[in-house]
Amino acid sequence: MKISTLRNNLRDYGLLISLIVIIGFFQIVTNGILLQPLNLTNLILQNSYIVVMALGMLLVIVAGHIDLSVGAASGFIGGLAAILMVHYEWSVTLTIIVALLVGMLIGAIQGWFVAYARIPSFIVTLAGMLVFKGSALALLQGQSIGPFPLAFQSISTGFLPDPFGGKDIRVFSLIIGVVLAGIFVGIDWHQRFKAQMHGLNKEPTALFAVRNFLFAAIIIYLAWQLSTYKGLPTVLILMGVLILFYQFIAGRTVIGRRIYALGGNEKAARLSGIDTSRLIFLTFANMGLLAAVAGIIFAARLNTATPKAGNGFELDVIAACFIGGASASGGVGRVIGAVIGAFIMGVMNNGMSILGIGIDYQQVIKGLVLLAAVFFDVYNRNRSQFG
Amino acid sequence: MAQEPILSMRNISKSFPGVQALDNVNLTVYKSEIHAIVGENGAGKSTLMKVLSGVYPYGQYEGEIHFEGKLQRFEDIRDSEAQGIIIIHQELALVPMLSIAENIFLGHELAKAGIIDWHTAYVRAQELLNRVGLKELPSAIVGRLGIGKQQLVEIAKALAKRVRLLILDEPTASLNETDSEALLRLLLELKAHDITCILISHKLNEVMQVADRITILRDGTTIETLNCAETLVKEDHIIRGMVGRDIQHRYPQRRPKIGEVIFEVRNWRVYHEQYVDYEVIKGVSFNVRRGEIVGIAGLMGSGRTELAMSLFGHAYGRRINGQVFIDGREVNVSTIGDAIRHGLAYVTEDRKGWGLILEQEIRKNVTLANLPKVSQRGVIDENSEAKVAQGFRESLRIRCSSIEQFVVNLSGGNQQKVLLSKWLFTQPSLLILDEPTRGIDVGAKYDIYTIIDGLAAEGKGILLISSEMPELLGMCDRIYVMSEGQFVAELPRSEASQERIMHAIVSSVQS
Ligand SMILES: Nc1ncnc2c1ncn2[C@@H]1O[C@H](COP(=O)(O)OP(=O)(O)OP(=O)(O)O)[C@@H](O)[C@H]1O
Ligand SMILES: [Mg+2]
């Protein structure tokens, strides 16, 4: 009994532990460069667009589908924003609004074909990928376009201002980190309390305490590291808000529950009165919107739009979801898993680059990690079913 | 008869997280007997058979299995099959797209150097089909056969292997009476050919008809083994052993208070989903009154499920037309959402395919069709959701470790109760039940009948589709008889009988 509870809990946190182990590993082999304030900031910026798209992709995968077009779509949106701002001199706000709308439209059109025309999403979005890749090339006429107005750049290069005017350390950013850690522990404590009231609690107290202490310590440590550089990046805040939002949608709302039901058994969901076609449509429209957000972040970070932007992003995004425990047959997956999955990929990218490992071997290693992660997940699942 | 044991399972225990499914179970089966295992839903019957057949390999259970005099330690199903133990699971395991012959030899194809010898395969398949009495060509596609015939294909598949002990887990649950009869006759014939059988069934009359001995399980323990040859075994005795208490009546004492018409259908026509020119429902009209339980009798394939599903938000069929009235007003039920909003609920006969989200918790399955009820502004209140699920768990006596258990891990009967809970939670005014007690034990059946009766007493209308005639006769105030997409008779309770129903069906087919 004891061992099996430990094993169940380990399975729940296995992913997070893997992330921590991977971070630890690269921290050591890079002689501490990985978590240096400058690099840490970079790591977050480099990953933000993958994380953002992984949020949408997770819902798509849970609904039992896939979207291969997100990389191309985000590149196309970056190009579109660049043309509007640089050639047509639209204001930053208007550009962003239009870019987001176009992203949503892209998702909606693909969603329509999947949901109402009942064409497999693999095919629809494969077509979409070609179309948007080509459109981005045509739009930019093979050129890079930039630079952008400062306001646009600051989406990716901005940091949280420090009203306390700290010199070596951004006090405000640090405070936010501490508060965040507090909130995290508070929520977890509250949930444990509620679970206990319903007699559903399965986690031993010691594990609970150690876990919370560790998490809080890690959050505060990261916040402290970032504060000694320029403070919390704006993108991190945006990302944090989006993660919380989608976590909430997936876990707590009616629409989230219905997406899981749809992926688990579409016929049963339909017979329960759920408009499954509309739900699929919405999931894809949402994915398009998030691809647009990612496209904007990416363009702002490079300060140019290039025809190559977004190439291959879909692979990292999809890999993040599967590493995070999503099931390819739908119905299973967690937002937080996808986020951790994205960071596992990100830390590996970053760490291997610091070590000077060539792009060739980087890909080989990433591929193997994806396979290993899913293998252990499947293996564990089978064991717990029969054990 | 020299009673020599072929199988003895000794002190078998097996637990899952939170459930002790088997607790020191003993089972002895003699050579060439038909040994029935009965017990409530979740008593552990299927689990015991999975232990026996190596689905749960040696090491995952405690106790010993002796088969043909030797201690066996099966690592997987192949091991047990090699010894001649063949199991036909509760859920059929045929590949619907393949032919009968392909299915029969799936996994042990008649091949030389990897090349399948189709000629021999077809000849052998034909022999096996003759043996089980199935009049189909070996090349027929399995998915196009009815469930009864598929069941026979499963048996043919078992006979293709060297079978010493054949295990059938609820083989007749979804068969109609004629098909069940045929199957039971086949078992007796196999017995004459020295094949030992273990039969799991909730249909006690069938069990008593064919079994030589009966072992009763309750809560994962063996209660007793009855020898039908020695003593006259009474059904009440078995039931008491299964449920641990006396059950006085099979059906609740109904005092129907029938009111005005709550649901009426006029001239309902539905065409087939694939063969668009084929009319499945040919102008059906009927009504249900408040407080009334209305039955629909008919053979498999007579269109009862198609009728129900097409009424329920056009979930089945094409080119549907006809009128639906609820409380005297014509309503539009062309989407399932509309149907639910108008107070319709449909409990499907296909709980795995159309009913449940197997890889989800009981709690989530129960509330799925009425999420707004447990949420505010689109946010689910998990506490009230848990309360709802807990309530149904208690009132329907769903046997589970907690409401957080995945539905896939429940026994068949308990899955059915979860499905029923889901639709009761929508608080319908007309509840359509399609084979609601399929695979359910006697005690739970009574529970479900009581619930149905309670709903009727509250003034709701009930439409009960069932292939079990005693159930229709025991519960319904009025019975429509359906045949080939039409209603061919309407019998009030006082006039209804098994003979009359059969007579109506037969004469409609002849004319
Ligand atoms: N894989 C599993 N994980 C957890 N619990 C399980 C699993 N399989 C079975 N159980 C539990 O073990 C018990 C026995 O189940 P089993 O399927 O053997 O019942 P049964 O007697 O065949 O019932 P039925 O007549 O409804 O088919 C049930 O309480 C069930 O919930
Ligand atoms: Mg069973």
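Conventions adopted
- Residues numbered from 1 in each chain as written.
- Chains lettered and ligands numbered in written order.
- Predicted model: local features only at pLDDT ≥ 70, side-chain atom pairs only at ≥ 80, totals over all residues.
- Heavy atoms only, no water.
- Helix = DSSP H or I, 4+ residues; strand = E, 2+ residues; numbered from the N terminus.
- Rg over C-alpha atoms; globule rule 2.2 N^0.38 Å.
- Buried < 20%, exposed > 50% of the residue type's maximum accessible area, 1.4 Å probe, protein only.
- Contact = heavy atoms within 4.5 Å.
- Domains from an automatic or database assignment.
- Buried area = accessible area lost by both parts, 1.4 Å probe.
- Salt bridge = Lys/Arg side-chain N within 4 Å of Asp/Glu carboxyl O.
- Polar contact = N/O pair within 3.5 Å; in protein donor to acceptor, adjacent residues only side chain to side chain.
- Near = heavy atom within 4 Å.
- Areas by Shrake-Rupley, 256 points an atom, 1.4 Å probe, with all protein chains shown as cover.
- 1 Å grid on protein atoms, 1.4 Å probe; cavity = no way out; pocket = protein on both sides within 12 Å on 5 of 7 lines; lining within 4 Å.
- Points joined across faces, edges and corners; volume = space filled by probe spheres on them.
- Nonpolar A, V, L, I, M, F, W, Y, C, P; charged D, E, K, R; others polar.
- Axes fitted to C-alpha atoms, helices over the stretch in contact; angles between N-to-C directions.
- Left-handed = near helix turned anticlockwise from the far one by under 90°.

Novice: When you look at the overall build of chain A in this model, what are you seeing that I'm missing?
Specialist: A tally of helices and strands in chain A yields 15 helices and zero strands. The C-alpha radius of gyration of chain A comes to 21 Å, within 12% of the 21 Å expected for a compact globule of 387 residues. Principal-axis analysis of the C-alpha atoms places the extent of chain A at approximately 65 × 60 × 40 Å. In chain A, which comprises 387 residues, the share counted as buried stands at 48%. Of all intrachain contacts in chain A linking residues separated by at least 6 positions in sequence, the fraction that spans at least 24 positions is 79%.

Novice: Would you mind showing me how to read the domain arrangement of chain B here?
Specialist: Quite often, the size of an interface is put as the accessible area lost when its parts meet. Residue and element names in this part refer to chain B. Domain assignment breaks chain B into domain 1 (5-243), domain 2 (257-343 + 428-511) and domain 3 (353-427). Inter-centroid distance (C-alpha atoms) of domain 2 to domain 3 is 25 Å. Residue-level contacts link 17 residues of domain 2 with twelve residues of domain 3. Across the interface of domain 2 and domain 3, roughly 1,200 Å² is buried in total on both sides, 73% from carbon and sulfur atoms. Summed over the three residues of domain 2 that lose the most area to domain 3, namely Pro428, Asp447 and Ile451, the buried surface amounts to 35% of that side. Joining domain 2 to domain 3, the criterion identifies one salt bridge. The closest approach of N and O atoms between Arg397 and Asp447, which form a salt bridge, is 3.2 Å. At the junction of domain 2 with domain 3, the criterion picks out two residue pairs in polar contact (both at pLDDT 80 or more). Where the side of domain 2 that touches domain 3 is concerned, the elements lending two or more residues are strand E21 (430-434) and helix H15 (442-457).

Novice: Help me understand the site of ligand 1, please; the structure alone is not making it clear to me.
Specialist: Residues and elements named next belong to chain B. Close to ligand 1 lie 20 residues, the nearest being Gly42, Lys45, Ser46, Thr47 and His202. Ser411 is positioned such that a nitrogen or oxygen atom in its side chain is 2.9 Å from an oxygen atom of ligand 1. Against a free-state accessible area of 640 Å², the protein chains account for coverage of 93% of ligand 1. Secondary-structure elements contributing two or more residues to the shell around ligand 1 are strand E2 (19-30), helix H1 (45-52) and helix H14 (412-424). By residue number, the principal contributor to the shell around ligand 1 is H1, which donates three residues.

Novice: Explain the environment of B:Glu181 here, please?
Specialist: In this structure, B:Glu181 sits in helix H6 (residues 177-192). C-alpha separation for the pair B:Glu181 and B:Thr231, spaced 50 residues apart in sequence, amounts to 24 Å.

Novice: Hey, could you run me through empty space enclosed by the protein in this one?
Specialist: Unfilled space is identified by rolling a water-sized probe across the atoms. Residue and element names in this part refer to chain B. As enumerated under the stated definition, the model contains five cavities of 30 Å³ or more in all. Taken as a whole, the largest cavity spans an internal volume of roughly 70 Å³. Residue composition of the lining of the largest cavity, grouped by class: two nonpolar, five polar and five charged. Counting the residues that make up the lining of the largest cavity, at least three belong to each of domain 1 (5-243) and domain 2 (257-343 + 428-511).

Novice: So what exactly am I meant to see when it comes to the pattern of salt bridges here?
Specialist: All names here are of chain B. Counted under the stated rule, the structure contains 33 salt bridges over all chains. A salt bridge links Arg164 to Glu68; the nearest nitrogen and oxygen atoms lie 2.8 Å apart. Here Arg164, found in the loop between helix H5 (147-160) and strand E9 (165-169), pairs with Glu68, found in the loop between strand E4 (62-67) and strand E5 (70-72); they are 96 residues apart in sequence, far enough to count as distant. Among the residues examined, Arg164 registers a relative accessible area of 22% and is labelled partly exposed. Judged by relative accessible area, which is 31%, Glu68 ranks as partly exposed.

Novice: Is there a simple way to explain the side chain of B:Asp477 in this structure?
Specialist: Residues and elements named next belong to chain B. Summarising the element assignment, Asp477 is placed in the loop between helix H16 (469-475) and strand E23 (478-483). A relative accessible area of 9% means that Asp477 is categorised as buried. Setting aside chain neighbours within four positions, we find Asp477 in contact with Arg254, Pro256, Ile258, Gly291, Glu292, Ile293, Pro492 and Arg493.

Novice: Would you mind going over the packing of helix H4 (residues 92-115) of chain A against helix H5 (residues 121-140) of chain A with me for this structure?
Specialist: Packed helix pairs are specified by the crossing angle of their axes together with the interaxial distance, meaning the distance between the axes. Residues and elements named next belong to chain A. At a closest axis distance of 9 Å, the pairing of H4 and H5 adopts a crossing angle of 145 degrees. Judged by the twist between their axes, the crossing of H4 over H5 is right-handed. Each of Ile106, Gln110, Phe113 and Val114 in H4 lies in contact with H5, whose residues at this interface are Ser121, Val124, Thr125, Gly128 and Phe132. When its residues are assigned to classes, the contact of H4 with H5 shows five nonpolar, four polar and no charged.

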